[in-house]
Structures are given as C-alpha cells and as structure tokens.
Amino acid sequence: MAMHYQGFEVSIYEKVHKFLRLGDSLGLGENALRLLERWGLHDKLIEIGNKSEMMQIRRWHDGKILAQQPLMDMAGYIGHRGDYHEEFLGRVRELGIPINMGCNVVAYDEDEPSLTLSNGEVHKADVIVAADGIKSVARELVLGFEDKPKSSGYACFRAYFKGAYLKEDPLCREFVEKECVNIWIGNDVHLVQNTLRDGDEFNWIITHKDTEDIKESWFQPGDMNEVRKLVSDVDPRIGAAVRKTKECLDWKICYRDPIPSWVSKSHKIALLGDSCHAHLPTSAQGASQATESAAVLALCLKLAGKGNVPLATRVYEKLRFERVRKSQLNGEDIRDRWHNALKNLDDNVEIDPETVKMRNRWLYPFDAEADTLQRWQEVSAQVSKELQAGNISPLFEAAPAIQTSRVH
Ligand SMILES: Cc1cc2nc3c(=O)[nH]c(=O)nc-3n(C[C@H](O)[C@H](O)[C@H](O)COP(=O)(O)OP(=O)(O)OC[C@H]3O[C@@H](n4cnc5c(N)ncnc54)[C@H](O)[C@@H]3O)c2cc1C
C-alpha cells in the first residue's frame, strides 16, 4: 500500500497458499493508523480494536490494581491479527496490487536484483523489499552470515478462544462481560488478558522464564498442565479462566541483536518489519513499526527518484534505526519493570503506579512521512558521500564499516 501510494508498481510474492486467521492479539498504535489512513484504511481498523478506555495493571496473586492507564498509551488499538490482516489485504486487492500466493522465495540475486521461487521462476524488479518475517531468508543475504536467534530467556503460553462459556463461572465472568484489558504482574512472570469482538473472544498470554532450546514457532502446542502449575498462585478470578482453557500455544520468545545493515551490499534489497526489527510482545509496536518502515522506504524511493535506489534504501535504514531501536528497548524495559516490581515487597507496601505503567505514549504523535521529508536533505547528503566512497557507515557504532561498490 505504501509503495502504491507513492506511485510505484508493486508485486507481492507470498509463501502460504491461503491466509488464515492466525495468531491472536496485536496492537496498532496511532503512529501506524495515521499512515494507514492515508492509504485508505482507518475506520474499519478502529472497529476491530478493543473498546475499553483503560487497562489495569494488577498484582499477581490477588489482582489488586497497582496502576491504571489509557489503552491508547499502551498498545493503541488491540485487535486480532487475522482481522487486521484481512482489512489490509482487502485494501491491497482494491488497489489492484497483485498478491501471488504459494510463492516461496528461496534465493535472491542482489545485483539484478531478482528473486527465485521454489518452482524455479525468477522475478526481477528495480528494488526488492524483503518483508519476510522473523525467520527471514533475505536477512542472511543482507548480513553475509547466519543470524541465529537466541533465547530471550522467556516464553509465552498464549490462548485465544470464544469466551462465552466463561460467563457461566461467577469467578471470571467479569472478564468477558464487557471489553477489557488487564495485566497481572508477579515475580518473573506476567499475564495479559483482553477481550476482542465486544467480549465474544478471549485472549490470555502468560510470559514466563524459559531457557529451553530455541524453537521459534507460532504453531507449537503448549502443555496445559504446565500452564496450570504456572497459575496456581495467581488471582483466582483470572486463574479460573486460564484453568478452563482447553488448549494453548507455546511460543518461545526469541531475541535477535540489532543488525548493522538492513540493506544488501548492492543496495537493492531492503529488509523491512520483523525481518530486520522484530519486537518483543511487551513493546506492543511490532506491526506499527513495520508500518512506519514501509511508509519511510516508499517515500525515500520517491524522493530519490528513478535510478537512485541505493540512495533511497540507505537513507531509509538510517532514518529508521534509532527510533525502531528505542521502541524495541521499550519492550524490554516494561517486561523487566513488571517482573521485578514486587520482588521482596510485603503486600502492605504501596508501590508508585508510575513504576509499572507502559511508557509508549511518546511513540504515537510521530508522523513517519513528515519526519522523512524533514530529514531527507541532511541524511541523503551524508549517504551520497558514503555511496561515492563505497563505505557505508553501519547502523550502530560497535558494528564494522560496510564496504560496498562505489555508486556515482
Ligand atoms: C502466523 C503468525 C502469527 C502471528 N501472531 C501474532 C500475534 O498474535 N501477535 C503479534 O503481536 N504478532 C504476531 N505475529 C507477528 C506480527 O504479524 C508481526 O510482528 C508484524 O505484523 C510485522 O509483520 P511483518 O510483515 O514484518 O512479518 P509477518 O507478519 O511475520 O509476515 C511475513 C510474511 O512473509 C511470508 N514469508 C516468509 N518467508 C517467506 C518466503 N521465503 N517467501 C515468501 N513469503 C514468505 C510469511 O508467510 C508472512 O506472510 C504473527 C506472525 C505470524 C507469521
């Protein structure tokens, strides 16, 4: 949508044969909605989102409210990933952008640039945007080495289901009777609960310590016995809802260090979204930052003009890195504050609510396109020099300089 909006012709190659309503809750912040509105999407996305005004941060074992804050300061609009995806896809189809399904990209030629599908077909373009997710095939090409995920030390059990039957239980009824978002925090653990579709659907996610082998998957079944053990001492109200759950997923949260470049040495393949800046779930910004990156890359390609792809992709990564990094770190910060807030504290000690509130508000007023326009001149002048010298500065200081061919 971002590329189309800037006047480019785009083709999409997608591995799966059919999109299903996969995953569960996902946050879309105002920073993303501002851009999506320009691409023709807004009201329908807001309809999808959870309608509660406030969310509560509660003490693990008895549910005492420790802090309350507006949902808009936390994740923005929380909706089902599949429902947002469906709206995005509907708009993409409306704009006439071809989505080629069942097209597994197995290789890239960064100089052409081109991509090769598993059936042997090769497709060329002026620029390739590799938005191929956390297990990106393109990332290794860009990096020039294998980038193995490392354990974050945490995993999530997550469950999503029609919650009507919870209404029969007076203990947990309150969590499905109206739209709500609640978070229980304890020592090295937290549980997020929210309703979707006006309370018809129910989602819980428990983040807990887990240092088992690293397997990233959105589909691995979780062991409900283990979950029941984890919630044995949680607020009985949410405990009842979790214990009634029939099945869940076990999602190891893998972590990746920031990478020194998001662009291939030829400057013609650019990573975008989770392929270069995956977020922890506690950041509540993964999809929103991917949306911002899309807007910035598309606008840079337009500002650079035809035949100037290297300038565009290199300005894009430089414009994006710092903000994305701060947003990623926000997710680590809140997880650590939640997991430590109550350590060694007696129940009668009051904690300062500010210490457990999410601090995402600063991310939302940002207009990624306006920022690009404002900084283009300065950053493109620096990048032009680097391209001429064949020496691109890495995205952060500790990384080695990136030698590339000179571009005149
Ligand atoms: C199945 C699934 C469930 C998820 N559930 C949640 C959730 O519940 N909550 C949440 O916050 N986030 C969830 N996410 C992550 C969330 O979608 C992303 O963080 C965010 O939307 C950024 O999107 P992205 O486009 O960078 O990556 P993704 O959303 O991961 O999209 C990447 C796309 O690239 C495709 N792809 C990958 N490799 C290839 C290849 N070689 N060739 C062609 N196509 C390829 C994938 O099929 C996928 O459609 C989920 C992701 C997936 C894939």
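Residues numbered from 1 in each chain as written. Predicted model: local features only at pLDDT ≥ 70, side-chain atom pairs only at ≥ 80, totals over all residues. Heavy atoms only, no water.

If you check an unreviewed UniProt entry, the protein appears there as FAD/NAD(P)-binding domain-containing protein from Hyaloscypha bicolor E. In UniProt, the protein has this text filed under Sequence similarities (unreviewed entry): "Belongs to the paxM FAD-dependent monooxygenase family." (UniProt positions renumbered as here; feature names shortened; annotations may be inferred.)

### Considerations on the overall build of the protein
Helix and strand counts for the protein stand at 12 helices and 18 strands. Here the C-alpha atoms of the protein give a radius of gyration of 22 Å, agreeing with the 22 Å that 2.2 N^0.38 yields for 408 residues. C-alpha extents for the protein along the principal axes are approximately 70 × 40 × 40 Å. Here the protein holds 408 residues, and 53% of them are scored as buried. A total of about 18700 Å² of accessible surface is found on the protein, and carbon and sulfur atoms cover 50% of it. Considering the protein, the positive charge centre built from 53 side chains and the negative charge centre built from 62 side chains are found 1 Å apart. (Helix = DSSP H or I, 4+ residues; strand = E, 2+ residues; numbered from the N terminus. Rg over C-alpha atoms; globule rule 2.2 N^0.38 Å. Buried < 20%, exposed > 50% of the residue type's maximum accessible area, 1.4 Å probe, protein only. Areas by Shrake-Rupley, 256 points an atom, 1.4 Å probe, with all protein chains shown as cover. Lys, Arg positive; Asp, Glu negative; His and termini not counted. Charge placed at Lys NZ, Arg CZ, Asp CG, Glu CD.)

### Examining helix α2 (residues 30–38)
Residues of α2 that are buried include every one of Asn31, Ala32, Leu33, Leu35 and Leu36, and no others. With its phi angle positive at about 100°, Gly40 sits one or two positions after the end of α2.

### Regarding the pairing of strand β8 (residues 114–117)
Note that strand β7 (residues 105–109) and β8 share 4 bridges and pair antiparallel. Of the residues in β8, the one forming a bridge with Ala107 is Thr116. With antiparallel pairing between neighbouring strands as the criterion, β8 and strand β9 (residues 122–124) make up a hairpin whose turn holds 4 residues, including Gly120 at a positive phi of roughly 95°. (Pairing = 2+ DSSP bridges.)

### A look at the domain arrangement of the protein
Domain parsing of the protein yields domain 1 (2–52 + 70–147 + 257–334 + 351–403) and domain 2 (150–253). Averaged C-alpha coordinates put domain 1 and domain 2 at centres separated by 29 Å. When domain 1 packs against domain 2, close to 1700 Å² is buried across both sides, 58% of that on carbon and sulfur atoms. If you look at where domain 1 meets domain 2, you find 3 salt bridges. In this structure, Arg158 and Asp24 form a salt bridge, with 2.5 Å as the shortest nitrogen-oxygen distance. In this structure, the connection of domain 1 to domain 2 is made through 8 residue pairs in polar contact (both at pLDDT 80 or more). Here the side of domain 1 that touches domain 2 takes 3 residues from strand β5 (residues 77–80), the largest share from any one element. Residue classes in the side of domain 1 that touches domain 2 are distributed as 8 nonpolar, 7 polar and 6 charged. (Domains from an automatic or database assignment. Buried area = accessible area lost by both parts, 1.4 Å probe. Salt bridge = Lys/Arg side-chain N within 4 Å of Asp/Glu carboxyl O. Polar contact = N/O pair within 3.5 Å; in protein donor to acceptor, adjacent residues only side chain to side chain. Nonpolar A, V, L, I, M, F, W, Y, C, P; charged D, E, K, R; others polar.)

### Description of empty space enclosed by the protein
Under the defined criterion, the tally for this structure stands at 4 cavities of 30 Å³ or more. Of the pockets and cavities examined, the largest cavity occupies roughly 50 Å³. Residues belonging to the lining of the largest cavity are distributed by class as follows: 4 nonpolar, 3 polar and 1 charged. Formed jointly, the lining of the largest cavity draws a minimum of three residues from each of two domains, domain 1 (2–52 + 70–147 + 257–334 + 351–403) and domain 2 (150–253). (1 Å grid on protein atoms, 1.4 Å probe; cavity = no way out; pocket = protein on both sides within 12 Å on 5 of 7 lines; lining within 4 Å. Points joined across faces, edges and corners; volume = space filled by probe spheres on them.)

### A word on the site of the ligand
Looking at the ligand, there are 24 residues lining it, with Glu14, Asp24, Ser25, Arg81 and Asp274 nearest. A distance of 3.0 Å separates a nitrogen atom of the ligand from a polar backbone atom of Lys15. At a separation of 3.2 Å, an oxygen atom of the ligand approaches a polar side-chain atom of Arg158. Here the ligand, which alone exposes 930 Å², has 80% of that area covered by the protein. (Near = heavy atom within 4 Å.)

### Focus: the side chain of Asn194
With respect to the helices and strands, the residue Asn194 is situated in strand β13 (residues 189–196). The exposure class of Asn194 is buried, given its relative accessible area of 3%. A polar contact of 3.1 Å, which involves the side chain of Asn194, links it to the side chain of Ser25. The contacts of Asn194, once residues within four sequence positions are left out, are Ser25, Asn50, Ile78, Cys180, Val181, Glu201, Phe202 and Asn203. (Contact = heavy atoms within 4.5 Å.)

### Here's the deal with the sheet that holds β9
Strand order in the open sheet made by the 3 strands is β7-β8-β9, with antiparallel pairing throughout. Two strands close off the open sheet at either side, each with one partner strand: β7 and β9. Strand-to-strand, the axes of this sheet are offset by a mean angle of 25°, without reference to chain direction. With 3 bridges joining them, β8 and β9 adopt antiparallel strand pairing. Bridged to Thr116 within β9 is Val122. (Axes fitted to C-alpha atoms, helices over the stretch in contact; angles between N-to-C directions.)

### Examining the nonpolar core
If you look at soluble globular proteins, the nonpolar side chains tend to sit buried side by side. If you look at the biggest cluster of nonpolar residues, it comprises 58 residues, and the most contacted ones within it are Leu36, Tyr108, Trp262, Leu271, Cys300, Val315 and Tyr316. Counting residues per element, this core draws most heavily on helix α11 (residues 309–340), at 8 residues. Dropping the residues within four chain positions of it, Cys300 is found in contact with Ala312, Val315, Tyr316, Leu319, Thr372 and Trp376. In terms of nonpolar packing, the next biggest core, distinct from the first, is built from 24 residues, Phe161, Val189, Val227 and Ile238 among them. (Core = buried A, V, L, I, M, F, W, Y, C linked by side-chain atoms within 4.5 Å.)

### Some words on the packing of α2 against helix α10 (residues 286–304)
At a minimum axis separation of 8 Å, α2 and α10 run at an interaxial angle of 45°. In this view, α2 runs oblique relative to α10, as classed from their interaxial angle. The two elements α2 and α10 cross, and the hand of that crossing is left-handed. Facing α2, whose interface residues are Asn31, Ala32, Leu35 and Leu36, α10 presents Ser288, Gln289, Thr291, Glu292 and Ala295. Considering only residue class, the contact of α2 with α10 consists of 4 nonpolar, 4 polar and 1 charged. (Parallel < 35°, antiparallel > 145°, perpendicular 65-115°, else oblique. Left-handed = near helix turned anticlockwise from the far one by under 90°.)

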